[in-house]
Amino acid sequence: MERYDLVYRLYDDYDTETLREYQAFVDVFPAIDSRVALEHWQGANEELEHRKDEIRSGFAAGETFAEVASRANRDQAFTALDLDAKYGRAVNVLVLDVDETLRSAGGTDNEIPRDTLHVLTEFHEAGVPIVICTGQTLENVKGFAIQGLGSEIVHSGELSIVYEAGTGVFTPGHGADTKQLLYEELNEEIRDVFDDVRSRVLPEAPEALRRGCHLQGNEFNVTMKPNYETGSTKARDTIDTALVYLIDLLADAVGTALEGNGDGNGTTVLDDETVVDWTRAFYADQDPEIRAVLESEGEYPDLDADAVPDALADVLERIDVAYYEADAAEIGSLELNKVVGVERALDVLGVDDPFGLVMGDSKSDLRVMQWVDENDAGIAAAPEHASQDTLEHVLETDELVFDRGKSVDILRTVYALNRLARLD
């Protein structure tokens, strides 16, 4: 309990709120070519150091407590102590989703806040690798990563990008391992199904759907995005229609791949209509959100998903259909998910004994959270608006839930954890 007592004294005896205000000002003060502005920054920095010196002289581990107080508030510091008491180790890698996690259309104007970017820079300087884990395309992620963190960090060899939810991994500075196209390792039959869907998804779409959405520029996954503001009624209606269309197109592609297999006697067991109904039933059973969309669109088949023919189920069990309300409808490979991508990224980064902070909001992030939980390899955090299953997992583990657009709060908690863990 000694450290708890010290932290109580830290926040009771010192004006840590003003200290953090000075620290925030010094950290994110914009580069302005002005003598007056520079003098103002220098004055704030001197006051910051003076206040830190008071803490440094008041504790045996003064530097640690000064840094904790300047970055984390009371609640974050005590949460950090609880995490250290529970796990007894520091976080040695960050695994971070982007959309609706680091940034939010509703909370940050779809930009990663400057204070979040600065804390990520602090982790990098402390030698903690960063894995950006997202469903976005590689080019999109590279663009905002370089813009936000700088080319030096992105190309430092300590940052990896798991893109398209695990179909590829990009880790600059690692020679032949820099870019790994994991989808090339899939079975040819599965690759053919995706090629079939991708080649037909827009040309064969109904006119209203073709005009209302576009195809995200993925290397492998097939993702339909609305041509309307994410979250709007028009976006929701478009993506609901796109989901049904995409499932049916997938069913047709799988049915084509299965032609000739039949029942082993050369007889075709499933006609086109039957394949579509069974495929809808299969994915409705996998995800209640998909079932709700099928029901609302009047396209839900009254079939027992447990009775899906084996030949069809064997293929569908390897393909993921994802629905993101008013945002996207997507098919991807269940053999290539964020867990597979993160494992490959950690291998390239040389993180042999990971204890990561996993932050995300969707079921693809949940898989990574469950993986670190099952392997005692980290902790999980999610925004308050995360998917229900994701939020339940986080609440059942360490309750690291943050407000929309405030991922920095969790990063500061973990920053404090890593500082306090050094005292062990």
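Definitions and cut-offs
Residues numbered from 1 in each chain as written. Predicted model: local features only at pLDDT ≥ 70, side-chain atom pairs only at ≥ 80, totals over all residues. Heavy atoms only, no water. Helix = DSSP H or I, 4+ residues; strand = E, 2+ residues; numbered from the N terminus. Buried < 20%, exposed > 50% of the residue type's maximum accessible area, 1.4 Å probe, protein only. Contact = heavy atoms within 4.5 Å. Lys, Arg positive; Asp, Glu negative; His and termini not counted. Charge placed at Lys NZ, Arg CZ, Asp CG, Glu CD. pLDDT = per-residue confidence, 0-100. Salt bridge = Lys/Arg side-chain N within 4 Å of Asp/Glu carboxyl O. Patch = residues over 30% accessible without salt bridge, like charges linked within 9 Å, V, L, I, M, F, W, Y side chains within 5 Å. Areas by Shrake-Rupley, 256 points an atom, 1.4 Å probe, with all protein chains shown as cover. 1 Å grid on protein atoms, 1.4 Å probe; cavity = no way out; pocket = protein on both sides within 12 Å on 5 of 7 lines; lining within 4 Å. Points joined across faces, edges and corners; volume = space filled by probe spheres on them. Nonpolar A, V, L, I, M, F, W, Y, C, P; charged D, E, K, R; others polar. Phe/Tyr/Trp six-rings, centres within 6.5 Å; stacked < 30°, edge-to-face > 60°. Core = buried A, V, L, I, M, F, W, Y, C linked by side-chain atoms within 4.5 Å. Pairing = 2+ DSSP bridges. Right-handed = clockwise from strand over helix to strand, strands pointing away. Expected span 1.5 Å × (residues − 1). Polar contact = N/O pair within 3.5 Å; in protein donor to acceptor, adjacent residues only side chain to side chain. Axes fitted to C-alpha atoms, helices over the stretch in contact; angles between N-to-C directions.

Side note on the overall build of the chain
Here's step 1: Scanning the chain from N- to C-terminus turns up 18 helices and 12 strands.
Here's step 2: If one aligns the C-alpha atoms of the chain with their principal axes, the spans along those axes are about 85 × 45 × 45 Å.
Here's step 3: Residue burial in the chain is summarised as follows: out of 424 residues, 52% are buried.
Here's step 4: Nonlocal contacts in the chain, meaning residues at least 24 apart in sequence, comprise 69% of its contacts between residues at least 6 apart.
Here's step 5: Computed over 35 positive and 89 negative side-chain charges, the separation of the two mean positions in the chain equals 6 Å.

Brief notes about the confidence of the model for the chain
Here's step 1: Here the chain averages 93 in pLDDT, while 95% of its residues score no lower than 70.
Here's step 2: Contacts from residues 262-268, a stretch scored under 50 in pLDDT, to residues over four places away or in other chains number four contacts.

Topic: the pattern of salt bridges
Here's step 1: Here the structure, examined in full by the defined rule, presents 35 salt bridges.
Here's step 2: We note a salt bridge from Asp-27 to Arg-71, for which the minimum N-O separation is 2.4 Å. Pair noted here: Asp-27 is in helix H2 (residues 16-28) and Arg-71 is in helix H4 (residues 62-71), with a separation of 44 residues, a long-range link.
Here's step 3: Given the relative accessible area of 13%, Arg-71 is considered buried.
Here's step 4: A salt bridge links Arg-56 to Asp-53, with the shortest nitrogen-to-oxygen separation between them at 2.6 Å. A residue pair is termed a helical-turn pair when its members lie 3 or 4 positions apart in one helix, as Arg-56 and Asp-53 do in helix H3 (residues 35-56) at three residues.
Here's step 5: Residue Asp-53 is classed as partly exposed on the basis of its relative accessible area of 41%.
Here's step 6: Among the charged side chains, a network of salt bridges with common partners joins Asp-27, Lys-52, Glu-67, Arg-71 and Glu-122.

Some points on a negative patch on the surface
Here's step 1: Together, Glu-289, Asp-389, Glu-392 and Glu-396 give the surface a local cluster of negative charge.
Here's step 2: Its location among the elements puts Glu-392 in helix H17 (residues 388-397).

Notes on the layout of surface pockets
Here's step 1: In this structure, the second largest pocket occupies an estimated 320 Å³ of space.
Here's step 2: As for the second largest pocket, its lining consists of 16 residues, of which Asp-75, Thr-79, Glu-399, Leu-400 and Thr-413 are closest to the centre.
Here's step 3: Of all the secondary structure elements, the ones that give two or more residues to the lining of the second largest pocket are helix H5 (74-87), strand E12 (401-402) and helix H18 (407-421).
Here's step 4: Among the elements that line the lining of the second largest pocket, the one with the most residues is H5, at six residues.
Here's step 5: In the lining of the second largest pocket, the residues fall into five nonpolar, four polar and seven charged.

A look at the packing of aromatic side chains
Here's step 1: Within this structure, the stated rule accounts for 10 aromatic pairs.
Here's step 2: Centre to centre, the rings of Tyr-87 and Phe-355 are 5.3 Å apart; their planes meet at 55°, and the pair counts as tilted. Within this pair, whereas Tyr-87 is found in helix H5, its partner Phe-355 is found in the loop between helix H15 (338-349) and strand E10 (356-359), the two being separated by 268 residues in sequence.
Here's step 3: Of the residues examined, Tyr-87 reaches a relative accessible area of 27% and is grouped as partly exposed.

Concerning the nonpolar core
Here's step 1: Core analysis: the biggest nonpolar cluster contains 69 residues, and Leu-250, Val-254 and Ile-319 have the highest contact counts within it.
Here's step 2: For this core, the leading source of residues is helix H11 (residues 233-258), giving 13 residues.

Describing the sheet that holds strand E3 (residues 159-163)
Here's step 1: Pairing is mixed in the open sheet, where eight strands are placed in the order E5-E4-E3-E2-E1-E10-E11-E12. Each of the sheet's edge strands pairs with one partner strand only, and the pair in question is strand E5 (179-181) and E12.
Here's step 2: Sheet analysis places strand E11 (residues 378-383) next to E12, joined by two bridges and oriented parallel. Among the inter-strand pairings, Pro-383 is bridged to a residue of E12, identified as Phe-402.

Structural notes on the pairing of E10
Here's step 1: Side-chain alternation along E10 places Gly-356 and Val-358 on one buried face and Leu-357 and Met-359 on a second face that is also buried.
Here's step 2: Sheet topology note: the strand E1 (residues 93-96)/E10 ladder contains four bridges and is parallel. Its bridge partner being in E10, Leu-96 is matched across the sheet by Met-359.
Here's step 3: Where the polypeptide runs from E10 across helix H16 (residues 363-374) and back to E11, its parallel neighbour, the crossover connection is right-handed.

Re H15
Here's step 1: Over its 12 residues, H15 extends 16 Å from the first C-alpha to the last, a length consistent with the 16 Å expected when each residue adds 1.5 Å.
Here's step 2: Residues of H15 that are buried: Lys-338, Val-339, Gly-341, Val-342, Ala-345, Leu-346, Val-348 and Leu-349.
Here's step 3: Its side-chain oxygen placed 3.0 Å from the backbone nitrogen of Val-339, Asn-337 serves as the N-cap of H15.
Here's step 4: Once H15 finishes, Gly-350 follows within two positions and takes phi at roughly 80°, a positive value.

Quick notes on the side chain of Arg-20
Here's step 1: For Arg-20, the location among the structural elements is in helix H2.
Here's step 2: Nearest to the buried, unbridged Arg-20 among oppositely charged side chains is Glu-17, at 5.5 Å.
Here's step 3: Polar side-chain contacts of Arg-20 include one of 3.4 Å to the backbone oxygen of Ala-72.

A short note on the sheet that holds strand E6 (residues 213-215)
Here's step 1: Strands sit in the order E6-E7-E9-E8 across an open sheet of four strands; the sheet is antiparallel. Either end of the sheet is taken by a strand with one partner, and the two such strands are E6 and strand E8 (319-324). When strand polarity is set aside, the average angle formed by the axes of neighbouring strands in this sheet is 20°.
Here's step 2: Bridge analysis of E8 against strand E9 (residues 328-333) gives six bridges, and the strand direction is antiparallel. Its bridge partner lying in E9, Asp-320 is registered against Gly-332.

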